[in-house]
Amino acid sequence: QVQLVESGGGLVQPGGSLRLSCGAFGSGFTFTDYWMNWIRQAPGKGLEWLSSIDSTGGSTAYAASVKGRFTISRDNAKKTVYLQMNNLTPEDTAVYYCATRDYYSDTIDWADFDSWGQGTQVTVSS
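The structure displayed is predicted, hence computed values, not measured ones. (Residues numbered from 1 in each chain as written. Predicted model: local features only at pLDDT ≥ 70, side-chain atom pairs only at ≥ 80, totals over all residues. Heavy atoms only, no water.)

What's the story with the packing of aromatic side chains in this structure? I'm lost.
Describing an aromatic ring pair means giving the distance of the ring centres and the angle of the ring planes. What the rule picks out here adds up to 8 aromatic pairs. Seen in terms of ring centroids, phenylalanine 113 and tryptophan 116 are 5.9 Å apart; in terms of plane orientation they differ by 55°. Their pairing is tilted. Given the relative accessible area of 3%, phenylalanine 113 is considered buried. Following the ring pairs from residue to residue traces out a cluster consisting of Tyr97, Trp110, Phe113 and Trp116. (Phe/Tyr/Trp six-rings, centres within 6.5 Å; stacked < 30°, edge-to-face > 60°. Buried < 20%, exposed > 50% of the residue type's maximum accessible area, 1.4 Å probe, protein only.)

What is the right way to look at the nonpolar core in this model?
As a rule of thumb, nonpolar side chains are buried together in soluble globular proteins. Ranked by internal contacts, the top residues of the largest apolar core, which has 32 residues, are Trp38, Phe70, Val81, Leu83, Met85 and Tyr96. The residues touching valine 81, leaving out its near neighbours within four places in the chain, are Leu20, Ser21, Cys22, Phe31, Met36, Trp38, Ile53, Ile72, Ser73, Arg74 and Cys98. (Core = buried A, V, L, I, M, F, W, Y, C linked by side-chain atoms within 4.5 Å. Contact = heavy atoms within 4.5 Å.)

How do you make sense of the sheet that holds strand β2 (residues 10-12) when you look at a structure like this?
Hydrogen bonds between backbone groups are what pair the strands of a sheet, and the pairing can be parallel or antiparallel. Reading across the sheet, the 6 strands line up as β2-β10-β9-β4-β5-β6 and stay open at both edges, with mixed pairing between neighbours. Both outer strands of the open sheet, β2 and β6 (60-62), are each paired with one neighbouring strand and no more. For this sheet, the mean angle separating the axes of adjacent strands, direction not counted, is 25°. (Pairing = 2+ DSSP bridges. Helix = DSSP H or I, 4+ residues; strand = E, 2+ residues; numbered from the N terminus. Axes fitted to C-alpha atoms, helices over the stretch in contact; angles between N-to-C directions.)

Written out as structure tokens, the structure reads:
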């Protein structure tokens, strides 16, 4: 059983940056068995996949809405995945979640994401 814990959210002005972290805890869980993913949910909207990173960190994928502004990375020794977010806009306001998936696909089926964190709030406002 794995527990994912996000941190790093907060209030930031438009054009600002934040770095989110997601730590994985628990026994019987091999961090490097999984692609790690960042997903968000804006107020009144559905889930939006943002980014994925493979087990080695050598392969990444981004949604068009964040490509070029957000960077995903991972530190397997620390069992942590990061999301560096730059040039934030009010449209980035959302609860941000990390989640595991044991493969990557361009097709998003939320049922395939095995474990989720509790989320961290990001608010972009002046």
